[in-house]
Structure formats: structure tokens, C-alpha cells
Amino acid sequence: MPEFIPVIKKDEIQHQISRIAETISTDYQGRELVLIGVLKGAFLFLADLVRQLTLAKVKIDFLQASSYGADTVSSESIVLKKDIDVDIRGKDVLVVEDIVDTGLTLAYLINHLEGFGPSSIKVCAMIDKRERRAAAVNVDYVCTTVENGFLVGYGLDYAEDYRNLPEIYHMKL
Ligand code: IMP
């Protein structure tokens, strides 16, 4: 049976989301923003974040990527499972990620989105996990930074389980 050690409490998650929502709202005031959530892990984070943005025009879309095999550290092994439908040409885009680990998924997705010709792309992540970073990606808005460990809850899964947990835990097998 795995052990679950609480890392980020429910109230703290909401507090951090309010904090970055305020900054994002200030940064994009008077502009139209397209939020692109990275499935599946970012679904709760995006839902909570978007309801706290004080912007008049916000569009929402989703992307999904997956990598072949858990041990790979090559962006060439990442494949797109679901593409966006919204036209982002000339638009300001904010990619909403659950957790950035090696950064390879994000690097792949940003490169893919740049192909559509948006006027800007920034990144917002619930968790920035530093230890295994392999791609030089810039995360513009971060709720929490952790050094390492495998986290579950609040959208984050282990083999598709535990996404429903209301707070974030460090899972030890
Ligand atoms: P990266 O390409 O290594 O940055 O991996 C990013 C993706 O791996 C995230 O969007 C998550 O789906 C998954 N991931 C990385 N670390 C964790 C974790 O600690 N818990 C759950 N999923 C994770």
C-alpha cells in the first residue's frame, strides 16, 4: 500500500491560485487570452484558475500529449494525442500545465503551438519540479516549487488513480 505524505494543503493551493490569477489578470488586462490546458492533469487547476481571472475575454482549449515509455528523456518520443480547435493565430496564449518535470513535454507543446503563429505564448504551472529538468523551458507563473518526489492529487495521477484527491501528496511506493 503506498504512503501519502501531504505536501500542499487545499487552502494553500487556492491561495496560490488566487495569487497568480491576480498577476495574470494584471498582465493581460484589456487583452483577449487563450488558456490552453494540458490534459489530463491540469483540468482542476485550469478550472479553479479561470474562475479567478478578471479578464473580459478568455477562451479555453485543451491539448494532450503522451510519451512512449516512462524512462525516456527524449522529446522525440512525445506524441500529440489531442490538438487544439481554437484559432490562436495572432492571439495571446497561456499554456496551463499541472507539473513541469523534465520540461520535455512543455518544450514539445510550445514548439507545436508556435507553429500556429500566436502573438505570444506564456506558461503557467501549478507545480515546478526542478530536479530532473532537461529542457530549458521558462515557466512564467508558478503556484509552488518542489525539488523532487512523485506527487498525486488535485489532478495529478499515478496510473490514472488519485486525480480526485483534494490536496497534493507525495506518494511513496
Ligand atoms: P515532463 O515532460 O517530464 O516535464 O513531464 C510532464 C508530465 O509528466 C506532467 O504533465 C505530468 O503529466 C507528468 N508528471 C511529472 N511529474 C509528475 C508527478 O510527480 N506526479 C504526476 N505526474 C507527473
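Residues numbered from 1 in each chain as written. Predicted model: local features only at pLDDT ≥ 70, side-chain atom pairs only at ≥ 80, totals over all residues. Heavy atoms only, no water.

Visitor: Sorry, what's going on with the packing of aromatic side chains here?
Guide: Aromatic ring pairs are reported here in terms of the distance separating the ring centres and the angle at which the planes meet. Tallied over the full model, the rule gives three aromatic pairs. Pairing Phe4 with Tyr162 gives two aromatic rings, centres 4.9 Å apart and planes at 70°, and the pair type is edge-to-face. In this pair, Phe4 sits in strand β1 (residues 3–8) while Tyr162 sits in the loop between β8 (151–152) and β9 (168–172), placing the two residues 158 residues apart along the sequence. Among the residues examined, Phe4 registers a relative accessible area of 25% and is labelled partly exposed. Owing to a relative accessible area of 24%, Tyr162 belongs among the partly exposed residues under this scheme. (Phe/Tyr/Trp six-rings, centres within 6.5 Å; stacked < 30°, edge-to-face > 60°. Helix = DSSP H or I, 4+ residues; strand = E, 2+ residues; numbered from the N terminus. Buried < 20%, exposed > 50% of the residue type's maximum accessible area, 1.4 Å probe, protein only.)

Visitor: Explanation requested: the nonpolar core in the structure shown.
Guide: Generally speaking, soluble globular proteins have nonpolar side chains that are buried together. Ranked by size, the top nonpolar core spans 28 residues in total, and within it Ile20, Ile24, Phe45, Leu49, Cys124, Ile127 and Ile168 carry the most contacts. At the level of elements, α1 (10–27), β2 (33–39), α2 (43–50), β5 (92–100), β6 (120–129) and β7 (141–146) are the ones that each hand at least two residues to this core. The element contributing the most residues to this core is α1, with five residues. When near neighbours in sequence (up to four residues on either side) are disregarded, Ile168 contacts Ile5, Pro6, Val7, Ile8, Ile13, Met126, Ile127, Leu151, Val152, Gly153, Tyr154 and Leu156. Core analysis: the next-biggest nonpolar cluster, separate from the first, contains 22 residues, Val100, Leu113, Val137 and Val142 among them. (Core = buried A, V, L, I, M, F, W, Y, C linked by side-chain atoms within 4.5 Å. Contact = heavy atoms within 4.5 Å.)

Visitor: Explain the site of the ligand here, please?
Guide: Residues in contact with the ligand amount to 14 residues; listed here are only the nearest, Asp98, Thr102, Gly103, Thr105 and Leu151. Between Gly103 and the ligand, the recorded distance is 2.8 Å, taken from a backbone N or O atom to an oxygen atom. Contact with the protein chains removes 81% of the 490 Å² of surface that the ligand exposes when unbound. Elements represented by at least two residues in the shell around the ligand include exactly β5 and α3 (104–114). Looking at the shell around the ligand element by element, the count peaks at four residues for β5. Class assignment for the residues of the shell around the ligand results in five nonpolar, four polar and five charged. (Near = heavy atom within 4 Å. Polar contact = N/O pair within 3.5 Å; in protein donor to acceptor, adjacent residues only side chain to side chain. Areas by Shrake-Rupley, 256 points an atom, 1.4 Å probe, with all protein chains shown as cover. Nonpolar A, V, L, I, M, F, W, Y, C, P; charged D, E, K, R; others polar.)

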